[in-house]
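Chain and residue survey
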Amino acid sequence: MRYYSVRATGPETEMNWEQMEVDWQRVGGDLRTRWSALTDEDLEGIAGKRERLLGRLREIYGLTEKGAEAELRDWERHQEPIELDRMPES
């Protein structure tokens, strides 16, 4: 599990995908732990963009839009949230 920054969106928190783009090399490894069919080329093409990741999950795993969203939300919920100014050292 990695630590990623989050932002509040009402009663829930949401992954900060702008920060994910910056740290994409590490994030890619975490994603491949969950979705092993993602290739290096997939991750390069996704480049930290949430919508691209959702599209690729739909294509590879045959998920519906709602199914891919649910899978990704579940992965996001299992990441350890921290504030941007308190990112742990690599």
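Here the structure is shown first, and the text comes after it.
So, here is what we can say about the structure in this document. Computed from a prediction, not measured in an experiment: that's the story for all the values here.

**Comments concerning the overall build of the chain**
Secondary structure summary: the chain contains 5 helices and 3 strands in total. Going residue by residue from the N terminus, the α and β elements of the chain occur as β-β-α-α-α-α-α-β. Each of the 90 residues in the chain was classed as buried or not, and the buried ones make up 34%. Considering only contacts in the chain between residues 6 or more positions apart, those separated by 24 or more positions represent 50%.

**So, helix H2 (residues 24-34)**
The set of residues buried in H2 consists of Trp24, Val27, Gly28, Asp30 and Leu31. Angular distribution of buried residues about the axis of H2 spans 165°; they occupy a single face of the element. Along H2, the residues that are exposed and aim more than 90 degrees away from the buried face are Gln25 and Thr33.

**What to know about the nonpolar core**
The nonpolar side chains of a soluble globular protein tend to be buried, and buried together. Membership of the largest hydrophobic core comes to 16 residues, with the highest contact counts inside it found for Trp17, Leu31, Leu53 and Trp75. Residue assignment for this core shows that the elements contributing at least two residues are helix H1 (17-22), H2, helix H3 (40-46), helix H4 (50-61) and helix H5 (65-77).

**Remarks on the packing of aromatic side chains**
Counting across every chain of the model gives 1 aromatic pair. Note on Trp35 and Trp75: the rings are 6.4 Å apart at their centroids and 50° apart in plane angle, and the pair reads as tilted. Taken together, the residues span a long stretch of sequence, with Trp35 in the loop between H2 and H3 and Trp75 in helix H5 at a distance of 40 residues. The pair formed by Trp35 and Trp75 is uniform in burial state, with each residue classed as buried.

**Some remarks on the side chain of Arg50**
Looking at where Arg50 falls in the secondary structure, it is placed in helix H4. Looking at Arg50, its side chain comes within polar contact range of the side chain of Glu69, at 2.8 Å. Those residues in contact with Arg50, other than ones at most four positions away along the chain, are Trp17, Glu69, Leu72, Arg73 and Glu76.

Definitions and cut-offs
Counting starts from 1 at the beginning of each chain's written sequence and moves along it residue by residue. With pLDDT at 70 or above as the cut-off, local features in this predicted model cover only qualifying residues; side-chain atom pairs require 80 or more to be listed or tallied, and sums for whole chains, interfaces and linings still use all residues. Excluded from the side-chain calculations are hydrogens and water; all other atoms, namely the structure's heavy atoms, are used. The numbering of helices and of strands both runs from the N terminus, where a helix is a DSSP run of H or I of at least 4 residues and a strand a run of E of at least 2. Throughout this description, buried means an accessible area under 20% of the type-specific maximum (1.4 Å probe, protein chains only), exposed means over 50%, and partly exposed covers the range between. What makes two residues a contact is simply this: any of their non-hydrogen atoms within 4.5 Å. Note that the arc is defined by the directions from the helix axis to the C-beta atoms. The nonpolar core is taken to be a set of buried Ala, Val, Leu, Ile, Met, Phe, Trp, Tyr and Cys residues, with the residues joined through side-chain atoms within 4.5 Å. Side-chain rings of Phe, Tyr and Trp, where Trp is taken by its six-membered ring, are said to pair if the distance between their centres is within 6.5 Å; with planes under 30 degrees apart they count as stacked, over 60 as edge-to-face, and otherwise as tilted. Two N or O atoms count as a polar contact when they lie within 3.5 Å, although within protein this holds only if one can serve as hydrogen donor and the other as acceptor, and sequence-adjacent residues are included solely when both atoms are side-chain atoms.

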